[in-house]
Structure formats: structure tokens, C-alpha cells
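What follows is each chain in one-letter form.
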Amino acid sequence: MQDIRDAMLAAGTGLTFISKTPPLPATTFVAAEAILWLMEHVESVAGERRAITIMEDMLARNMIKHASGDPRAKFLYGFHLYYVSTEQGQVASPYQGDMWAYRSDWIEVGLELFRPDRDELDLGNCLDDEIENSFLHDNIRRFSGNIGDFNKPNTYKVCCVICPFH
């Protein structure tokens with residue numbers, strides 16, 4: 001865990017901090033960005049659930065803390081603010097655990113998992129056998145980067161899939 005924490009703090013390759021947003025600590029980050037960072041930079045992390053577990057463990061070890069400073073706050077996926085605490089624990093939230101004051105200044109938004117684990121994917125419940133990959137044109141071109149490509153009409157066929165999970 002210490003290696004992950006140190007890598008998060010590394011200049012250039014670490015997490016993106018929202019340090020120019022007073023009164024938050026300089027190492028404040030968005031939870032969803034941390035999850036994506038873990039999936040991209042840590043070898044054994046392939047899915048969001050595994051990344052969330054790592055962040056929950058780091059929170060339990062006081063390696064990261066909720067931006068409110070509330071020690072009871074759990075790690076939540078989405079636009080939730082946390083900060084990396086220093087080894088000496090010198091960095092502290094100016095809110096000092098006052099969740100009411102924190103929520104007066106900040107709104108946090110939770111997200112559902114974007115990439116469900118493989119065993120959660122049951123596409124048979126969502127896709128019709130008739131539809132499969134027929135929503136793309138047979139002659140669809142890759143995006144070439146030309147602005148004119150945005151003006152091409154009817155690039156995709158209309159497709160309607162009803163999924164009980166959404």
C-alpha cells in the first residue's frame with residue numbers, strides 16, 4: 001500500500017490533485033479519477049471493484065482521508081473528494097470533520113460502476129439475437145481527425161435495446 005501511495009504522489013505520473021481549490025489540502029483528488037489511475041498504473045488492478053477495495057483499505061489505514069476530515073466517512077466512487085495524508089499526518093482538512101460545513105461548500109456525486117466485472121455481464125438479458133452488431137453501418141470509416149467527419153449524416157443506424165438492468 002505504501003508503494004501505491006508514493007506512486008500517487010509522484011510528480012508527472014501520480015494522481016491529478018485539485019490543489020488550487022482552497023481550503024482543501026494540496027493533495028486533494030477526485031475518487032473516480034483515483035480509481036481510473038489505479039486501473040491504469042497498478043498491474044493487478046483490472047476492474048473498478050478491485051480499485052475501490054484498494055482505496056477502502058488505504059482509507060482504513062489513514063493513508064487517504066475524506067476532504068471533510070470526518071473519520072467516519074467511507075470511500076465512495078464518483079465525484080467525492082479525498083486527500084492523501086502525509087506520513088507524519090501533518091496535512092489535515094480545514095473542516096476538521098465538520099461534515100455540515102463541508103457540505104455547505106461542496107457537493108459530492110456518486111457514480112455507478114462503468115466497467116462491471118466479467119461475471120456481472122449477462123448480455124443475454126440485454127441484447128436480442130436479432131440485433132447483435134447490426135447497429136453499425138457495414139462501410140463505417142474510422143475517425144480520421146478531419147472536422148468534416150463530424151458532419152457526415154447517418155453514420156449509425158438507429159437501434160433500440162431494452163435492458164432490465166438500466
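Refer to the preceding data block for the structure.
For every chain, the first residue of the written sequence is number 1, and numbering continues from 1 onward in sequence order. Totals for whole chains, interfaces and linings use all residues, but because this is a predicted model, local features are given only for residues with pLDDT of at least 70 and pairs of side-chain atoms are given and counted only at 80 or more. Remark: hydrogens and water are excluded; side-chain values derive from all non-hydrogen atoms of the structure.

Below, the discussion takes up the overall build of the protein. Secondary structure assignment for the protein yields 4 helices and 5 strands. Every one of the 166 residues in the protein was classed for burial, and the buried ones make up 33%. To be clear on the numbers: accessible area is Shrake-Rupley with a 1.4 Å probe, and residue cover counts the displayed protein chains and nothing else. Accessible surface, the protein: about 11,600 Å² in total, of which carbon and sulfur atoms supply 52%. Strands are runs of DSSP state E lasting at least 2 residues, helices are runs of H or I lasting at least 4, and numbering of each runs from the N terminus. Think of it in three bands: residues with accessible area under 20% of the maximum for their type are buried, residues over 50% are exposed, and the middle band is partly exposed, with areas taken using a 1.4 Å probe on protein chains only.

As a rule of thumb, nonpolar side chains are buried together in soluble globular proteins. Core analysis: the largest hydrophobic core is formed by 25 residues, its most contacted members being Leu 38, Met 55 and Phe 75. Secondary-structure elements contributing two or more residues to this core are helix H1 (2-9), helix H2 (31-41), helix H3 (48-60) and strand S4 (81-84). The criterion used for residue contact is that any of the two residues' heavy atoms lie within 4.5 Å. Residues contacting Met 55, with those up to four places away along its chain left out, are Met 8, Phe 29, Ala 34, Ile 35, Leu 38, Ile 64 and Phe 75. As used in this record, nonpolar core signifies buried Ala, Val, Leu, Ile, Met, Phe, Trp, Tyr and Cys residues forming a set joined through side-chain atoms within 4.5 Å. By size, the runner-up hydrophobic cluster in this structure holds 9 residues, among which are Leu 24, Ala 67, Met 99 and Tyr 102.

Moving on to H3. Here the expected span of a helix is defined as 1.5 Å times the quantity of residues minus one. Given a rise of 1.5 Å per residue, 13 residues ought to cover 18 Å, and the 18 Å separating the end C-alpha atoms of H3 matches this to within 8%. Downstream of H3 by one or two residues, Asn 62 has phi in the positive range, about 60°.

This paragraph deals with the pattern of salt bridges. Criterion for a salt bridge: a side-chain nitrogen of Lys or Arg within 4 Å of a carboxyl oxygen of Asp or Glu. Evaluation of the coordinates by the stated rule reveals 3 salt bridges. A salt bridge links Asp 57 to Arg 61; its shortest N-O distance comes to 3.3 Å. Asp 70 is the salt-bridge partner of Arg 72, the closest N and O atoms lying 3.1 Å from each other. Given a relative accessible area of 66%, Arg 72 falls into the exposed group.

In this analysis, strands are considered paired if DSSP registers two or more bridges between them. Ordered in space as S1-S4-S2, the 3 strands form an open sheet in which the pairing is antiparallel. Of all strands in the sheet, those with a lone pairing partner are strand S1 (28-30) and strand S2 (64-66), marking the two edges. Strand-to-strand twist in this sheet, taken as the mean axis angle between neighbours without regard to direction, amounts to 40°. Sheet analysis places S1 next to S4, joined by 3 bridges and oriented antiparallel. An axis is simply a line fitted to the C-alpha atoms; with a helix, the fit covers only the stretch in contact. Between two such axes, the angle follows the N-to-C directions and lies from 0 to 180 degrees.

Next up on the list: the pairing of S4. Burial along S4 is two-sided: Leu 81 and Tyr 83 and Tyr 82 and Val 84, pointing in opposite directions, are all buried. Of the strand pairs in this sheet, S2 and S4 are connected by 3 bridges, and their pairing is antiparallel. Note that in S4 the partner of His 66 across the bridge is Tyr 82.

One non-glycine residue, Asn 62, lies in positive phi territory at about 60°. When you line up the elements, Asn 62 lands in the loop between H3 and S2. With a relative accessible area of 48%, Asn 62 lands in the partly exposed category. Positive phi values are uncommon outside glycine, yet Gln 96 reaches one of about 50°. Structurally, Gln 96 can be placed in the loop between S4 and helix H4 (99-105). Under the relative-accessibility criterion, Gln 96 is labelled exposed at 71%.

Moving on, we come to H2. Along H2, the residues that are buried comprise Ala 31, Ala 32, Ala 34, Ile 35, Trp 37, Leu 38 and Met 39. Those residues of H2 that are buried are in contact with H1, S1, H3, strand S3 (78-79) and S4.

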